[in-house]
Amino acid sequence: MIELIKVTKKFGNKTAVDNLSLHIKTGECFGFLGPNGAGKTTTIKLMTGLLRQESGTIRICGSDIIKDPEMAKMKTGYVPDSPYIYEKLTAREYLEFTGGLYDMSPERIRSQTEWLFDLFGMDGWVDQRCEEYSHGMRQKVVFCSAFLHDPEVLIVDEPMVGLDPQSTRLVKDLLKLYSSKGTVIFMSTHTLSVAEELCDRIGIVHDGKLIGLGTLDELRSMAAAEGDNLESLFLKMTGGPRRANLAAGADLG
Amino acid sequence: MPREPILDKSLHIMHYKTVSARSFLGNLDAEVVMKILVGLFVVSCFFTGSLFFFYKIFSYLGGLRDIGFLLMNKLVSLGFLAIFMMLVISNIITSISTLYRSRETAFLLSTPTAYQKVFTVKFIDNIFFSTWAVLLLGLPLILAYGMVRGFVLWEYLFEIFCVLLPFVIIPACIGVSFSILMFLASRYLSPRQLIITLGSLIVLGVIVYFKIGQPSSLAFNVISDWRVLNRYLGSMGATSFAFLPSFWVSETLRTIASGGRHSLLVYMLALISTTLMFLNVTFKFAGRYYYDSWLASAEHHGKDSRVKQATKRRARFFRLPEWLPSDFRAVLSKDLKLFVREPAQWAQFTVLLVLLAIYLVNLKYFPTDVEDSYWKTLIGFGNFAFSGFILATLSVRFVYPNISLEGKSFWAIASSPMRLRRVFWVKFWAAFSIFVLISEVLAFVSNLMLGLRGMLMALTFFSVLLMSISLTSLSIGLGAIFPRFEERNPGKIASSMGGMLATIISLAYVGVMVVIAALPANRYTLHKMNPDLPFPMFEVMLSIALILILNLTAITVPLRLGLSSMRRRDY
């Protein structure tokens, strides 16, 4: 599970994450939504040890990310928004490399790799260098590396960017499968339909503050908006309609 | 969970980096192979040329009775001190990208790899990237020394390896520790304050070096009076930085020559033990503070970077005249703003300008009342050569990365109606106009300080103008042939394979320019001293023709090749 307790992160005078508290249970798929610059990626970087909060505590399956970072990361699979891949390695070599970083035995790496390649339909590509892959293919490699060590927590920043419809479907199914197996999924996304379809609970963040938290129904009642879909709710809570009206009233000459 | 020994994961990462490098080398396309071969050829030419140059100098010095070897040792000692300082600076600059801004570092830190192990891998990377180019430039000096002293080659190479390995590790420890401190301090100081502090420290170091080492005094003594040289060299004994590893290396070389095995062992042990001590301290320090400093550097990227009022005022300062074509203005104005908003860029630029100022101030030690035409010409050409060396360094450091710095956003220009040729011209004129200003000021002030007037000054002015055009073209052209769009650190772009090639070609160009201009000038000076000798009309005409051919080639060929390379590229 993931626990964020009164987490605050500042960059100079700007508060990127403001007193954020979250508790995400085992097997829960959690959607983290917010407009650009709301603090989503900062929160994810705090959870993966790539930034350090000024105050508050973050625990991944009971391990404090500051006090015991290696243990916390060992339990985490992370898919960043713009992932780094060793361009000159093949997908197979890249997964062998990543598996080594997670202390996996060569046999386990091999069996997991074969399973994941098969699952993602990458069989014909695995021995080509990553530099030859399309954006979607790279994204598949990154997903494979995140799933490789069977993480207890999966943190995904914008999971569907650049994926073709088949891969999108596959990732959704995989996220559901892992979630049903007890993996915690923490997903930041702008694709609201994905959040609507997959997430058990949704948190909406705006200017670093959590302004909404709950199931879709709970969010509806919070926003006093009967029958609204997630997009209208999201826009209502983050000040979207005002901007939408501006666009509607704009005169392009 | 059981913890594995400290090096396991570092070795695992290093192994896959090697696999990656092998894959790169095993899958080179024809164009890259061609570029590497050309690069190797130029590097070999440069290497052979410098080896020959140093061999000649050392042979000449070796032939001087009494003081020859003494002078040679002092020169080697000064050379190693310069290499040591360059290595420290190079390690600091390189560490900003390898240890901090590299995406690989962020990736490794997001995995369950201990920070110390990530540091170990990146520290080795840093030594490699910051050292190879400096060593390549320094190796001819070391080999030439061994050849003149008649050392057995393989024995000498082995001893050099034993000495050089610790010699490059110590500056790496100093440079990297300094970077860690700098990023830790960045939590409390603004980039501007930090850069000013850093710049001041470097300037202070250089002033101390000039005050204690007095390299200009060495030159002064060499050219003015041989009799005082012994006294001078004797006085230098106490100020040769006996506590610095560069001194131990040069002393090691000296003791190899004199066959003093006991002293050799002492200096080698001093080097090795100091290296181990530095490694120990650096790794302990990094183990405690590297991750903190990395976090501090990561936080800088997230800071509120909204353009403040003062910055807006500065932007108005850079507003370009309306008569310039709009696309020309757009690219030029963007380049200027990016330069000003990148502290690493203007900080290094300022440090280099300060170094130039120190060089100019230091020229006051030279005698300005020399009446002898021969010495006047020699001083003039010495200054011309040194100015050329500085200009070549400046152009590679600041002009060469220009095309690469467009980065992955080059598609925005490439897909616009602006033609690539025009982009090239904007880059050229922007760099040239600043470059020629610095060059001519340098030429004017240095000539003034050296008391050189009239014909010599006019000649320097004209040559420096030609040099500015050619060096700008070389850097822009080669920067386009070997662009590194994925790299954001200009220092690292300049120290890449292409940057190294640009450095070597620029230095070779400066060397050839000086030689072509010096030969007829020498004859002319002899003619002035002895009017019985004929006016060297043929030499003068030949020299002018050669200078024209050399500069036309240096201006047109790189720009054409660069442009066609950019046209063939996908964005």
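Residues numbered from 1 in each chain as written. Chains lettered and ligands numbered in written order. Predicted model: local features only at pLDDT ≥ 70, side-chain atom pairs only at ≥ 80, totals over all residues.

A.B. asks: Looking at this structure, how should I read the pairing of strand S6 (residues 76-79) of chain A?
C.D. replies: Side-chain positions along a regular strand alternate between the two faces of the sheet. Residues and elements named next belong to chain A. What you see with S6 is no split at all: Thr-76 and Tyr-78 on one side and Gly-77 and Val-79 on the other are buried throughout. Pairing geometry for S6 and strand S7 (residues 153-157), over four bridges, is parallel. What sits directly across from Tyr-78, in S7, is Ile-155. (Buried ≥ 20, exposed ≤ 12 C-beta atoms within 10 Å, placed from the backbone. Helix = DSSP H or I, 4+ residues; strand = E, 2+ residues; numbered from the N terminus. Pairing = 2+ DSSP bridges.)

A.B. asks: Would you take a moment to explain the interface of chain A and chain B for this structure?
C.D. replies: The accessible area lost on association of the parts is a frequent measure of interface size. Taken together, the contact between chain A and chain B spans 26 residues of the former and 25 residues of the latter. Listed by contribution, the elements that provide at least two residues to the side of chain A that touches chain B are strand S2 (14-24), helix H2 (69-74) and helix H3 (91-101) of chain A. For the side of chain A that touches chain B, a count of residues per class yields 13 nonpolar, six polar and seven charged. (Contact = placed C-beta atoms within 7 Å. Nonpolar A, V, L, I, M, F, W, Y, C, P; charged D, E, K, R; others polar.)

A.B. asks: When you look at the nonpolar core in this model, what are you seeing that I'm missing?
C.D. replies: The tendency in soluble globular proteins is for nonpolar side chains to be buried as a group. Counting 129 residues, the largest nonpolar core has Ile-2, Tyr-94, Ile-185 and Phe-186 of chain A as the members making the most contacts within it. Element by element, the count of residues in this core is highest for helix H3 (residues 68-101) of chain B, at 15 residues. One finds Ala-392, Phe-398, Tyr-400 and Met-500 of chain B within the second-largest nonpolar core, a separate group that totals 45 residues. (Core = buried A, V, L, I, M, F, W, Y, C linked by C-beta atoms within 7 Å.)

A.B. asks: Got a minute to help me understand the packing of helix H2 (residues 30-62) of chain B against helix H21 (residues 497-529) of chain B in this structure?
C.D. replies: Residues and elements named next belong to chain B. Taken N-terminus to C-terminus, the directions of H2 and H21 make an angle of 45°; their axes are 10 Å apart at the nearest point. Classified by the angle their axes make, H2 and H21 are oblique. Seen along the crossing, H2 lies across H21 with a hand that is left-handed. Seen from H2, the contacting residues are Gly-39, Val-42, Val-43 and Phe-46; seen from H21, they are Met-497, Leu-501, Ile-504, Ile-505 and Ala-508. Here the contact of H2 with H21 is built from residues that sort into eight nonpolar, one polar and no charged. (Axes fitted to C-alpha atoms, helices over the stretch in contact; angles between N-to-C directions. Parallel < 35°, antiparallel > 145°, perpendicular 65-115°, else oblique. Left-handed = near helix turned anticlockwise from the far one by under 90°.)

A.B. asks: For this particular structure, what's the right way to read the sheet that holds S6 of chain A?
C.D. replies: Backbone-to-backbone hydrogen bonds join strands into a sheet, with any given pair of strands oriented parallel or antiparallel. Residue and element names in this part refer to chain A. Taken together, the six strands give an open sheet; going across it, the order is S6-S7-S8-S3-S9-S10, and neighbouring strands pair in mixed fashion. Both edges of this open sheet fall to S6 and strand S10 (209-214), since each of them pairs with a single strand only. Recorded for the sheet is a direction-independent mean angle of 15° between the axes of neighbouring strands. Inspection of the sheet shows S7 paired to strand S8 (residues 184-188) by five bridges, in the parallel sense. Considered in S8, the bridge of Val-153 is made with Val-184. Where helix H1 (residues 40-47) meets the sheet, its contacts fall on strand S3 (29-33), S7, S8 and strand S9 (201-206), and the angle it forms with S7 comes to roughly 145°. Lying on the sheet, helix H6 (residues 165-180) is in contact with S3, S7 and S8; it crosses S8 at an angle near 145°.

Nothing here speaks to function; it is all geometry.
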